[in-house]
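Below are the chains, spelled out letter by letter.
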Amino acid sequence: EEAIEVVDAICSGDQNHLCDELGDLLLNLAFQVVLAEERGAFSRHEVIANLEEKMRRRHPHLHGLGDAEDWESLKARETPVGRTIGAIGIEDHLHGVPDLLQRAHRIQTEVARVGFDWPSADGALEKVREEVDEVADELKAGDHDRVEEEIGDLLFSVVNLARLAGSHAPTALARANAKFVNRFSQLEDLARDRGISLPVARLDTLDQLWREIKDWED
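The shown structure was predicted, so the numbers you read here are calculated from the model rather than taken from an experiment.

Q: Help me understand the overall build of the protein in this model?
A: Looking only at helices and strands, the protein features 10 helices and zero strands. Along the protein, from the amino end to the carboxyl end, the secondary structure elements read α-α-α-α-α-α-α-α-α-α. When the 218 residues of the protein are sorted by exposure, 22% land in the buried category. Of the contacts formed within the protein by residues at least 6 apart in sequence, a portion of 56% connects residues at least 24 apart. A total accessible area of about 15000 Å² is found for the protein, and carbon and sulfur atoms account for 57% of it.

Q: What should I look at first to understand the confidence of the model for the protein in this one?
A: For the protein, per-residue confidence averages 84 on the pLDDT scale, and residues scoring 70 or more make up 85% of the total. No element of the protein has a lower mean pLDDT than helix 5 (residues 81–86), at 50, and none a higher one than helix 7 (residues 121–141), at 96. Every residue in residues 84–96 scores below 50 in pLDDT, and together they form 16 contacts with partners more than four places removed in sequence or on other chains.

Q: So what exactly am I meant to see when it comes to a nonpolar patch on the surface here?
A: Among the surface-exposed residues, Ile107, Val111, Val114, Phe116 and Phe156 lie close enough to one another that they form a single nonpolar patch of about 510 Å² accessible area. Here phenylalanine 116 shows up in the loop between helix 6 (97–112) and helix 7.

Q: Can you walk me through the side chain of glutamate 150 in this structure?
A: Here glutamate 150 lies in helix 8 (residues 144–164). In this view, glutamate 150 contacts Glu131, Glu134, Val135 and Glu138; residues no more than four positions away in its chain are not counted.

Q: Whenever I open this one, the environment of threonine 171 confuses me. Can you help?
A: Counting through the fold element by element, threonine 171 comes out in helix 9 (residues 169–193). C-alpha separation for the pair threonine 171 and glutamine 102, spaced 69 residues apart in sequence, amounts to 9.3 Å. A distance of 2.9 Å separates polar atoms of two side chains, one belonging to threonine 171 and the other to histidine 168.

Q: It is not clear to me how the pattern of salt bridges should be interpreted in this structure. Could you clarify?
A: Any two side chains of opposite charge can pair, given that their charged atoms come close. In the structure shown here, the tally under the stated rule is 15 salt bridges. The salt bridge partner of aspartate 189 is arginine 192, with a shortest N-O separation of 3.0 Å. Of this pair, aspartate 189 and arginine 192 both sit in helix 9, three residues apart, roughly one helical turn. Judged by relative accessible area, which is 30%, aspartate 189 ranks as partly exposed. Overlapping salt bridges, with partners in common, bring together Glu138, Arg146, Glu149 and Glu150 in one network.

Q: How should the nonpolar core be read in this particular structure?
A: Soluble, globular proteins show a tendency: their nonpolar side chains are buried together. Of all hydrophobic cores here, the largest spans six residues; its members are Phe184, Leu187, Leu190, Ala191, Leu209 and Ile213. Of all the secondary-structure elements, those providing two or more residues to this core are helix 9 and helix 10 (203–217). In terms of residues, this core owes the most to one element, helix 9, which gives four residues. In terms of nonpolar packing, the next biggest core, distinct from the first, is built from five residues, Leu101, Ala104, Ala162 and Ala169 among them.

Q: I'm lost on the packing of helix 7 against helix 8 in this one. Help?
A: When two helices pack together, their arrangement is given by the angle between their axes and by how far apart the axes lie. The geometry of helix 7 relative to helix 8 is characterised by a closest axis approach of 9 Å and an angle of 165° between their N-to-C directions. Considering their axes alone, helix 7 and helix 8 lie roughly antiparallel with respect to each other. Here the hand of the crossing between helix 7 and helix 8 comes out left-handed. Listed contacts from helix 8 to Ala121, Ala124, Leu125, Lys127, Val128, Glu131, Val132, Glu134, Val135, Glu138 and Leu139 of helix 7 are Arg146, Val147, Glu150, Ile151, Asp153, Leu154, Ser157, Val158, Asn160, Leu161 and Leu164. Of the residues belonging to the contact of helix 7 with helix 8, the class tally is 13 nonpolar, two polar and seven charged.

Q: When you look at the environment of arginine 44 in this model, what are you seeing that I'm missing?
A: Among the secondary structure elements, arginine 44 is positioned in helix 3 (residues 44–58). With relative accessibility at 44%, the residue arginine 44 sits in the partly exposed group. Residues arginine 44 and alanine 30, 14 residues apart in the sequence, show an inter-C-alpha distance of 8.7 Å. Not counting residues within four places of it along the chain, the set of residues in contact with arginine 44 comprises Val33 and Glu37. A polar contact of 2.7 Å, which involves the side chain of arginine 44, links it to the side chain of glutamate 37.

Definitions and limits used
- Residues numbered from 1 in each chain as written.
- Predicted model: local features only at pLDDT ≥ 70, side-chain atom pairs only at ≥ 80, totals over all residues.
- Heavy atoms only, no water.
- Helix = DSSP H or I, 4+ residues; strand = E, 2+ residues; numbered from the N terminus.
- Buried < 20%, exposed > 50% of the residue type's maximum accessible area, 1.4 Å probe, protein only.
- Contact = heavy atoms within 4.5 Å.
- Areas by Shrake-Rupley, 256 points an atom, 1.4 Å probe, with all protein chains shown as cover.
- pLDDT = per-residue confidence, 0-100.
- Patch = residues over 30% accessible without salt bridge, like charges linked within 9 Å, V, L, I, M, F, W, Y side chains within 5 Å.
- Salt bridge = Lys/Arg side-chain N within 4 Å of Asp/Glu carboxyl O.
- Polar contact = N/O pair within 3.5 Å; in protein donor to acceptor, adjacent residues only side chain to side chain.
- Core = buried A, V, L, I, M, F, W, Y, C linked by side-chain atoms within 4.5 Å.
- Axes fitted to C-alpha atoms, helices over the stretch in contact; angles between N-to-C directions.
- Parallel < 35°, antiparallel > 145°, perpendicular 65-115°, else oblique.
- Left-handed = near helix turned anticlockwise from the far one by under 90°.
- Nonpolar A, V, L, I, M, F, W, Y, C, P; charged D, E, K, R; others polar.

Below is the structure:
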């Protein structure tokens, strides 16, 4: 929640508000470290040491340890994609970015209380279709800021559709994440068994593997 407040403060451009929210975030982080130390999980010194080691590993050129490399490539080399995302449990997906979905859900619930709401999910579904068309138009126009704005509107409308359909967007996203993680891990295993290197494989080859995995589920 504190991280979301910081994002909101950055977007608002209010530096005093940002200063306050960063303070709240730092307090929360410090509190989590203290709790960890009290239960003997790790110390503040380990947190700092782990961060320093990670920065040296992923930014070797800044520490005289090698040439500059793409950060994502370095991270991917440390752990296969499927294993990395597979290590994130379904409960973890209910935090971070999905918190923004939860916030959208709360906003929509609040305004629904004063009657500002679709009478059924059908209206929300039409709104999603409208937003998809607007994203397509802005993609053709090539205006990055407008594309981002319309994608935001699309995400907001999808949360509304989920709410009116009797679902919960963060939970739905968590299930989708877990399903994708499972399938991609299977794709990695299948590619390895067939001697296929994911970084150099053609997209149609990977798509065929993906289809096979989906067929196994059916």
